[in-house]
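Summary of the model geometry
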Amino acid sequence: MIIDVIVCGTDGTQEIEKREVPDNWFDVAEPAQTPTAE
Amino acid sequence: MASTNKTTVLALNQWVLSDPFLMEDMNEDNRKIDAAFGSNPYCKLMDITSSANAQQVDLNTSSIDFTKYSMIQVFATVKVTPSTGVATYVYAKINNGGAFLKSFAETSATSRDYSGFVFANTNDSYFSNIKMELSGIPGVLTSAYIANLRVNGSSFYNSVMMHEQIGVKSFAANVGITSLNFVTDSSSVYIKAGSRFEIYGVRK
């Protein structure tokens, strides 16, 4: 899977990369907690 | 002989054309600047606003020597797009990896794929914010090293959403903090252009 990644440098530069990542890149093994509403 | 005019804060020389330009005056100015800079330990290391939409934003920190700082603070103020009416997670990672984390509601820490997160609103009216504090960052040459993490995420989605996690992160030997990463939870969701990322350090 190809995703867009912006790589930012300490000098203020930004580059947009087309980066290949695993298909499960957005999967989170340990689900985040249910949002806590106030 | 010093210059005709001086700056308001440090009384640095401000020469006019008729003033002599002397080495000792320049050296004195440089001494004042060095002393003033060194007296304030809090410094900005990065401040960048993203210029395009992307599923991931990487802050390249390979040029920062984190061993010079007692604490690092990272602030990410983000929007996500598209506006689907459904909120999404934005995960913060270190070196594209997770950490051992515990929320205050949990009794024990768990190894997670992320170092922190915020539950972000897709409504353009609201920003979401992640604050990360890292301390106890050991030297690159240490064989096993851990950073103390404290991560807060806050946003508004129908109501106030907030959480706080603490944890530790282990690094492989001879590897420092080379990147801080912010990733959405879906390939169809983007961190929106105009999101701001700041890194500050407290010098030792």
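Structure: above.
Source: prediction; values computed, not measured.

Points about the overall build of chain A
Summing up its helical and strand segments, chain A has zero helices and two strands in all. Out of the 38 residues belonging to chain A, those deemed buried represent 29%. Considering only intrachain contacts with a sequence separation of at least 6, the fraction spanning at least 24 residues in chain A is 6%. In the structure as shown, chain A presents an accessible area of about 2500 Å², 47% of it carried by carbon and sulfur atoms.

Regarding the interface of chain B and chain A
How big an interface is tends to be reported as the loss of accessible area on association of its parts. Listed per partner, the contact involves 41 residues of chain B and 27 residues of chain A. When chain B packs against chain A, close to 2700 Å² is buried across both sides, 57% of that on carbon and sulfur atoms. When residues of chain B are sorted by the area they lose upon contact with chain A, I48, Q56 and D58 of chain B head the list and together hold 18% of the total. There are one salt bridge connecting chain B and chain A. The partner of D58 of chain B in a salt bridge is R19 of chain A, with the nearest N and O atoms 2.8 Å apart.

A short note on the pattern of salt bridges
All names here are of chain B. If you walk through the whole model with that rule in mind, you get 10 salt bridges over all chains. Close ionic contact of E28 with R31 constitutes a salt bridge, the shortest N to O distance being 2.8 Å. Taken together, the residues E28 and R31, both in helix 1 (residues 23-39) and three residues apart, mark about one turn of the helix. According to the relative accessible area criterion, E28 is partly exposed, its value standing at 31%. A single salt-bridge network, built from bridges that share partners, covers K44, D47, R196 and E198.

Topic: a nonpolar patch on the surface
Residues and elements named next belong to chain B. A contiguous nonpolar surface patch, about 270 Å² in accessible area, is contributed by V9, L10 and I33. Relative to the helices and strands, L10 resides in the loop between strand 1 (5-6) and strand 2 (13-14). A relative accessible area of 31% means that L10 is categorised as partly exposed.

Thoughts on the nonpolar core
Counting 47 residues, the largest nonpolar core has L59, I72, V90, I130, M132, F182 and F197 of chain B as its most contacted members. Not counting the four nearest positions on each side in its chain, F197 of chain B is found in contact with M46, D47, I48, S50, V57, L59, F75, A76, V78, F182 and I191 of chain B. Listed in part, the seven residues of the second largest apolar core include V5, V21 and W25 of chain A together with V183 of chain B.

Analysis parameters
Residues numbered from 1 in each chain as written. Chains lettered and ligands numbered in written order. Predicted model: local features only at pLDDT ≥ 70, side-chain atom pairs only at ≥ 80, totals over all residues. Heavy atoms only, no water. Helix = DSSP H or I, 4+ residues; strand = E, 2+ residues; numbered from the N terminus. Buried < 20%, exposed > 50% of the residue type's maximum accessible area, 1.4 Å probe, protein only. Contact = heavy atoms within 4.5 Å. Areas by Shrake-Rupley, 256 points an atom, 1.4 Å probe, with all protein chains shown as cover. Buried area = accessible area lost by both parts, 1.4 Å probe. Salt bridge = Lys/Arg side-chain N within 4 Å of Asp/Glu carboxyl O. Patch = residues over 30% accessible without salt bridge, like charges linked within 9 Å, V, L, I, M, F, W, Y side chains within 5 Å. Core = buried A, V, L, I, M, F, W, Y, C linked by side-chain atoms within 4.5 Å.

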